[in-house]
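Structural features, examined
Here is how the chains run, residue by residue.
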Amino acid sequence: MTIPRVTAMEAQAKASLFLSDRLPDRISASTPSFDEARAVWRVPVILAYPFLGALGQVGEVVVSATKAEVISATPVEDMLNAARSLGEKHRDEIEAPLP
């Protein structure tokens, strides 16, 4: 059994920093899951809106469980395209007046 040196919170923070440098604020890191076979944290990237919550996953950031560094990520353009698609799917909810 592999015990990660990097915590889930640290992996999520690293993924969040990675995303904030590249993508709009509605796209963020969600709850990581540990991939023991590869000794990495898989951090889902989601599109979320205030009052609506998460609309869906648009990508993934993979963070090393031994060093807090990003190993790989879904290409930025792919995440943006997935976010646009989700945004279109939920357009009525997004544009609805606040309660």
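Now for a description of the structure that goes with this document.

What counts as what
- Within each chain, residues carry numbers counting from 1 in the order of the written sequence.
- Confidence filtering applies because this is a predicted model: local features only for residues at pLDDT of at least 70, side-chain atom pairs given and counted only at 80 or more, and all residues used for totals across whole chains, interfaces and linings.
- Each side-chain value is derived from all of the structure's non-hydrogen atoms; neither hydrogens nor water enter the calculation.
- Helix and strand definitions follow DSSP, with helices as H or I runs of at least four residues and strands as E runs of at least two, each counted in order from the N terminus.
- Each residue gets one of three labels from its accessible area relative to the maximum for its type: buried under 20%, exposed over 50%, partly exposed in between, using a 1.4 Å probe on protein chains only.
- Residues count as neighbours in contact if any of their non-hydrogen atoms are within 4.5 Å of one another.
- Using the Shrake-Rupley algorithm and a 1.4 Å probe, accessible areas are obtained, with residue cover drawn only from the displayed protein chains.
- Expected span of a helix: the number of residues minus one, times 1.5 Å.
- Think of the arc as the fan of directions from the helix axis to the C-beta atoms.

Regarding its fold elements, the chain presents three helices and five strands. What you see in the chain, going N to C, is helices and strands ordered as α-β-β-β-β-β-α-α. Considering only C-alpha atoms, the chain reaches an extent of 50 × 25 × 20 Å along its principal axes. Counting across all 99 residues of the chain, residues that qualify as buried make up 31%. For the chain, contacts bridging at least 24 residues in sequence account for 43% of all contacts bridging at least 6. Surface accessibility of the chain: about 6,100 Å² in total, with carbon and sulfur atoms responsible for 54%.

Spanning 14 residues, helix H2 (residues 76–89) covers 20 Å between terminal C-alpha atoms, matching the ideal 20 Å at 1.5 Å per step. Among all positions of H2, only Met-79, Leu-80, Ala-83, Leu-86 and Gly-87 are buried. Down the axis of H2, the sector holding all buried residues measures 125°, keeping them to one side. If you follow the buried residues of H2, they end up packed against helix H1 (8–20), strand E1 (27–29), strand E3 (40–49), strand E4 (53–64) and helix H3 (91–95).

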